Amino acid sequence: MDKRKAPGPDVMSVLFFHRYWHIVGDDVVNTVFMILEIGVMPENLNHTLIALIPKVKVLTTPKEFRPISLCNVIYKLVAKVLANRMKLVLDLVISEEQSAFVPGRYITDNIMAVFECFHSMKQKRKGGQGFFAAKIDMAKAYDRVEWHFLEGVMNHMGFSERWCRLVMMCVKTVTYAVLVNGHQSPSFIPIRGLRQGDTLSPYLFLLCAEGLSAYTKAAVQHKRFYGISPARGAPTVTHLFFADDSVFFGRANAHDSSTLKHILQAYERESGQMVNLQKSEVSFSGKVKPHQRESLE
């Protein structure tokens, strides 16, 4: 771990453990082993401070802060062990449409695929069928994850009961206090959400995003949603993911646009996610007339 990382509520930084490992090392290792073995998090070990980092220069609303979690080092070790184990199977359980955080995949692959699809849309000026591309952004994606949805996805994917219990132990036993001008607010207990800054959180969010991919693939399988083929003989592309951002491709008609709307609504209802309309946008191929664009948007 980076020795310069800010300490958690126990005020013992990574530098402390590095320097005095010859004294505390055995106790730390035994504590981590005990937590992983019995699946119980000691009281206050999962207490977390929230530091609010400004996302813009001029702040007007609380949503313009990014909450970063400051966790205790021992908890970080537990989370790191689980994250390292989860990385070994991510490529088996995460669909190929997702390119972020999966070992062996590169986010640039999906970027190039998106550019190819947009290029194809730009060139499609003949024929009767137009296409759309919808760039979808989720508002406060990590903060809105429903715990029951995450647990249900892991069970559906075939993770063992013991594994699910260990992961949900890390997620559900957290308590928070917000740092305000260097002082801690009173503690509170959340009922949903993943911590930004937690080693496990990116991988757990990928599992949640698989729910959206599954809804989309089900619609394709039942011939309720159609994507775009960027070239003759190329596979059809319906959606591509970049962690919490996604791009959907479909036919520019009421059927496909209505299906995409229902897919997003179902995902929002089950996962707790919410589409950020201000940061989402829709593009159309040149074949789509202005009045069609207005009706579909």
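Analysis parameters
Residues numbered from 1 in each chain as written. Predicted model: local features only at pLDDT ≥ 70, side-chain atom pairs only at ≥ 80, totals over all residues. Heavy atoms only, no water. Patch = residues over 30% accessible without salt bridge, like charges linked within 9 Å, V, L, I, M, F, W, Y side chains within 5 Å. Areas by Shrake-Rupley, 256 points an atom, 1.4 Å probe, with all protein chains shown as cover. Salt bridge = Lys/Arg side-chain N within 4 Å of Asp/Glu carboxyl O. Helix = DSSP H or I, 4+ residues; strand = E, 2+ residues; numbered from the N terminus. Buried < 20%, exposed > 50% of the residue type's maximum accessible area, 1.4 Å probe, protein only. Pairing = 2+ DSSP bridges. Axes fitted to C-alpha atoms, helices over the stretch in contact; angles between N-to-C directions. Contact = heavy atoms within 4.5 Å.

- As recorded in an unreviewed UniProt entry, the protein chain goes by the name Reverse transcriptase domain-containing protein, listed as coming from Linum trigynum.

1. Things to note about a nonpolar patch on the surface
Here is step 1 of the chain: On the surface, a nonpolar cluster with roughly 300 Å² of combined accessible area is contributed by W21, V29 and F33.
Here is step 2 of the chain: Following the sequence through the fold, V29 ends up in helix α2 (residues 21–38).
Here is step 3 of the chain: V29 gets classed as partly exposed once you look at its relative accessible area, which sits at 32%.

2. Some details on the sheet that holds strand β8 (residues 281–284)
Here is step 1 of the chain: Ordered in space as β6-β7-β3-β8, the four strands form an open sheet in which the pairing is antiparallel. Either end of the sheet is taken by a strand with one partner, and the two such strands are β6 (239–242) and β8. Within this sheet the neighbouring strands show an average axis-to-axis angle of 15°, counted without direction.
Here is step 2 of the chain: Sheet topology note: the strand β3 (residues 131–137)/β8 ladder contains four bridges and is antiparallel. From the neighbouring strand, F132 faces β8, where its bridge partner is F284.
Here is step 3 of the chain: Against the sheet, helix α8 (residues 201–221) makes contact with β6 and β7 (245–251), and its axis sits at roughly 175° relative to β6, the strand it touches most.

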